[in-house]
Amino acid sequence: MAKKTKAKLRVGIIGVGFIGKVHLEAFAAVPDAEVVAICDIRPERLEEMAAEFDIADSYDDYEDVLARKDIDAVSVCTPNYLHAPITIAALQAGKHVLCEKPLTTSMTEALAMTNAAKAAKKALMVAFSHRRRGDVKWLKQAVGDGMFGGLYYAKAMWWRRSGIPAWGAWFIDKSRSGGGPLIDLGVHMLDMSLYLLGDPRVLSVSASTWAELGPKGKGFYYPPAHDQKFTVEDLASAFIRLEGGKTLTLEASWATYGKHNDAFGVSLFGSSGGAELEVSDYSNKDTLRVFTDIGGAPVTMRPAPEIGHGHTTVAREFTELILNGQPTKEVGLDGVRRAQVIEAIYLSALEGREVTVEDLATLL
Ligand SMILES: NC(=O)c1ccc[n+]([C@@H]2O[C@H](COP(=O)([O-])OP(=O)(O)OC[C@H]3O[C@@H](n4cnc5c(N)ncnc54)[C@H](O)[C@@H]3O)[C@@H](O)[C@H]2O)c1
């Protein structure tokens with residue numbers, strides 16, 4: 001008797017710019033998924049991606065993808081301000097959604113998105129790809145095994161020397177991005193550090209933001225276009241109090257006069273050990289340090305776990321969640337929680353005050 005083959009997850013990708021291409025590569029590496037359609041408003045990019053990944057159907061209107069009955073799920077890879085309307089429309093059309101980070105640009109929209117997922121009984125997963133790195137997975141296991149004792153302090157950072165993303169002016173336009181490096185890079189580090197700390201409740205946030213280089217046309221990857229207005233921050237710094245006496249500091253920059261060309265990481269400090277993850281210029285070599293005592297003497301170790309494949313892991317987890325019949329286990333809650341902290345950080349910086357748990361609750 002012929003063996004019944006398992007149905008593949010049929011996926012559409014909406015927005016095939018920089019990260020849309022990464023989603024195409026990621027799903028290509030997941031045997032149980034198949035990208036059957038792509039969508040973008042740039043015809044030349046659509047043509048290029050369709051040819052490179054051998055995709056049969058291309059659309060310039062995402063509603064056409066959502067109207068396809070044979071598509072189970074979509075990846076939303078558009079600029080940030082389009083995440084909410086496209087995700088909500090997709091959920092209401094009965095599709096599961098893998099949405100790029102940040103989930104969206106405001107708490108109100110983030111809540112509407114998770115509510116739409118719950119109402120539709122469909123998955124809404126945020127592509128927090130850096131949390132799925134192999135070294136982060138190793139750290140999470142080490143934290144769970146009690147290697148560092150009780151964690152009480154963490155520092156997370158993403159620093160760039162000259163890394164303002166000029167391509168697609170939407171990044172530097174607050175009305176389309178929701179913010180600068182904090183919502184772009186900082187959201188990854190906020191997610192990674194809160195995940196490693198076991199997702200403690202955030203009690204209050206005190207923050208500052210600056211825009212010292214961007215508005216002067218400094219610190220861009222490439223020279224900015226003359227008509228580009230810089231309406232976001234280029235550096236954000238936040239002090240975040242967490243339940244249980246824990247504290248997290250978060251720094252995110254696109255451009256600063258500092259030693260890092262492009263580096264991100266998190267340091268964890270515990271009662272019997274500590275760890276530092278630092279990734280410089282996207283090099284995956286030698287990213288971890290663990291600090292402990294052996295025989296009464298301080299010891300530094302350099303674990304070398306498998307590095308992993310961020311977006312491929314995201315695509316595989318998303319596919320498995322749906323094919324295993326548990327889509328509603330992911331309704332975007334991590335994205336909502338991160339959106340709340342990001343909004344609190346911007347509010348604190350704007351008003352020059354600490355934003356407390358009561359303010360945070362009203363944001364929700
Ligand atoms: N997880 C990560 O590490 C990571 C890395 C980079 C970007 N991102 C996120 O991915 C998203 C896109 O970023 P990017 O760097 O790919 O930007 P991008 O500008 O390169 O790509 C966005 C694409 O969306 C298309 N688009 C715009 N409006 C559209 C519409 N109405 N319908 C269909 N397509 C439309 C654009 O033409 C473009 O091709 C952002 O939310 C960003 O934060 C995530």
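Calculation criteria
- Residues numbered from 1 in each chain as written.
- Predicted model: local features only at pLDDT ≥ 70, side-chain atom pairs only at ≥ 80, totals over all residues.
- Heavy atoms only, no water.
- Core = buried A, V, L, I, M, F, W, Y, C linked by side-chain atoms within 4.5 Å.
- Buried < 20%, exposed > 50% of the residue type's maximum accessible area, 1.4 Å probe, protein only.
- Helix = DSSP H or I, 4+ residues; strand = E, 2+ residues; numbered from the N terminus.
- 1 Å grid on protein atoms, 1.4 Å probe; cavity = no way out; pocket = protein on both sides within 12 Å on 5 of 7 lines; lining within 4 Å.
- Points joined across faces, edges and corners; volume = space filled by probe spheres on them.
- Nonpolar A, V, L, I, M, F, W, Y, C, P; charged D, E, K, R; others polar.
- Domains from an automatic or database assignment.
- Axes fitted to C-alpha atoms, helices over the stretch in contact; angles between N-to-C directions.
- Parallel < 35°, antiparallel > 145°, perpendicular 65-115°, else oblique.
- Contact = heavy atoms within 4.5 Å.
- Buried area = accessible area lost by both parts, 1.4 Å probe.
- Salt bridge = Lys/Arg side-chain N within 4 Å of Asp/Glu carboxyl O.
- Polar contact = N/O pair within 3.5 Å; in protein donor to acceptor, adjacent residues only side chain to side chain.
- Near = heavy atom within 4 Å.
- Areas by Shrake-Rupley, 256 points an atom, 1.4 Å probe, with all protein chains shown as cover.
- Disulfide = S-S within 2.5 Å.
- Expected span 1.5 Å × (residues − 1).
- Pairing = 2+ DSSP bridges.

K.L.:
Is there a simple way to explain the nonpolar core in this structure?
P.N.:
In a soluble, globular protein the nonpolar side chains are often hidden away together inside. Within the largest apolar cluster, 84 residues are counted, with the highest numbers of intra-cluster contacts made by Val74, Ile240 and Ile345. Per-element tally for this core: the top contributor is helix H8 (residues 181-196), with 9 residues. Core analysis: the next-biggest nonpolar cluster, separate from the first, contains 26 residues, Ile55, Cys77, Phe318 and Leu321 among them.

K.L.:
Just to check I follow, could you spell out the layout of surface pockets for this structure?
P.N.:
Rolled over the atoms, a probe with the dimensions of a water molecule shows which regions are left empty. The computed volume of the second largest pocket comes to approximately 350 Å³. Along the wall of the second largest pocket there are 15 residues; nearest its centre are Arg132, Arg133, Lys137, Thr313 and Glu317. Taken together, the elements giving at least two residues each to the lining of the second largest pocket come down to helix H6 (134-144) and helix H9 (310-323). At 4 residues, H9 tops the list of elements feeding residues into the lining of the second largest pocket. The residue inventory of the lining of the second largest pocket, partitioned by class, reads 3 nonpolar, 5 polar and 7 charged. Of the domains in this structure, domain 1 (9-130 + 312-329) and domain 2 (134-307) are the two that each give at least three residues to the lining of the second largest pocket.

K.L.:
Hey, could you run me through the packing of helix H5 (residues 107-120) against helix H10 (residues 333-351) in this one?
P.N.:
In a pair of packed helices, the angle between the axes and the distance between the axes together describe the arrangement. As a packed pair, H5 and H10 sit with axes 9 Å apart at the nearest point and diverge in direction by 170 degrees. One way to sum up the angle between H5 and H10 is to call them roughly antiparallel. Contact residues: H5 offers Met107, Ala110, Leu111 and Thr114, while H10 offers Leu333, Val336, Ala339, Gln340 and Glu343. Among the residues forming the contact of H5 with H10, the class breakdown is 6 nonpolar, 2 polar and 1 charged.

K.L.:
Before we go on, may I ask you to explain the domain arrangement of the protein in this structure?
P.N.:
It is common to report an interface's size as the accessible area lost on association of the parts. The assigned domain composition of the protein is domain 1 (9-130 + 312-329) and domain 2 (134-307). Tallying the contact residues gives 11 residues for domain 1 and 14 residues for domain 2. For the pair domain 1 and domain 2, the two sides together bury roughly 1,100 Å², of which 68% comes from carbon and sulfur. By the criterion of area lost to domain 2, the three top residues of domain 1 are Lys101, Phe128 and His130, representing 52% of everything that side buries. A salt bridge links Asp184 to Lys101, with the shortest nitrogen-to-oxygen separation between them at 3.1 Å. In this structure, the connection of domain 1 to domain 2 is made through 3 residue pairs in polar contact (both at pLDDT 80 or more). When the residues that make up the side of domain 1 that touches domain 2 are grouped by side-chain class, the tally is 5 nonpolar, 5 polar and 1 charged.

K.L.:
Could you clarify how one ought to interpret the site of the ligand in this entry?
P.N.:
Near the ligand there are 24 residues, and of these Ile19, Asp40, Arg42, Asn80 and Lys101 occur at the shortest range. Phe18 is positioned such that a nitrogen or oxygen atom in its backbone is 3.0 Å from an oxygen atom of the ligand. Within the backbone of Lys101, one N or O atom sits 2.8 Å away from an oxygen atom of the ligand. Protein contacts shield 89% of the accessible area of the ligand, which totals 840 Å² for the unbound molecule. When the residues that make up the shell around the ligand are grouped by side-chain class, the tally is 12 nonpolar, 8 polar and 4 charged. Each of domain 1 (9-130 + 312-329) and domain 2 (134-307) accounts for three or more of the residues forming the shell around the ligand.

K.L.:
Please clarify how the pattern of salt bridges should be interpreted in this entry.
P.N.:
When charged atoms on two side chains of opposite charge get close, those side chains can pair. Counted according to the given criterion, the structure contains 24 salt bridges. The partner of Asp70 in a salt bridge is Arg68, and the shortest N-O contact between them spans 2.8 Å. Taking the relative accessible area as the measure of exposure, Asp70 reaches 30% and is therefore partly exposed. Here the salt bridges do not stand alone but share partners, grouping Arg131, Asp191, Asp199, Asp334, Arg337 and Arg338 into one network.

K.L.:
Sorry, what's going on with the state of the cysteines here?
P.N.:
By definition, a disulfide links two cysteine residues through a covalent bond between their sulfur atoms. The full count for this structure, using the stated rule, is 0 disulfides. Here Cys39 is not disulfide-linked; the sulfur of Cys77 is the nearest cysteine sulfur, at 11 Å. Of the residues examined, Cys77 reaches a relative accessible area of 9% and is grouped as buried.

K.L.:
Would you mind showing me how to read H9 here?
P.N.:
Because each turn of an α-helix spans 3.6 residues, side chains separated by three or four positions end up pointing in the same direction. If you check H9, its first and last C-alpha atoms are 20 Å apart, about what 14 residues at 1.5 Å a residue would give, namely 20 Å. Looking only at H9, the buried set comprises Gly310, His311, Thr313, Val314, Ala315, Phe318, Thr319, Leu321 and Ile322. Residues of H9 that are buried sit in contact with strand S1 (9-14), helix H1 (18-28), strand S2 (33-39), strand S4 (73-76), strand S5 (96-100) and strand S6 (124-127). Backbone geometry just downstream of H9 places Gly325 in the positive-phi region, at approximately 75 degrees.

K.L.:
Please explain the sheet that holds strand S8 (residues 202-210) as it appears in this structure.
P.N.:
Strand pairing in a sheet relies on backbone hydrogen bonds. The paired strands run either parallel or antiparallel. Pairing in this open sheet of 8 strands is mixed, and the strands run S8-S9-S10-S7-S11-S12-S13-S14 from one edge to the other. Both edges of this open sheet fall to S8 and strand S14 (297-301), since each of them pairs with a single strand only. Averaged over all adjacent pairs, the angle separating strand axes in this sheet is 10 degrees, with direction ignored. Taken together, the 4 bridges between strand S12 (residues 274-280) and strand S13 (residues 288-294) define a ladder with antiparallel strand orientation.

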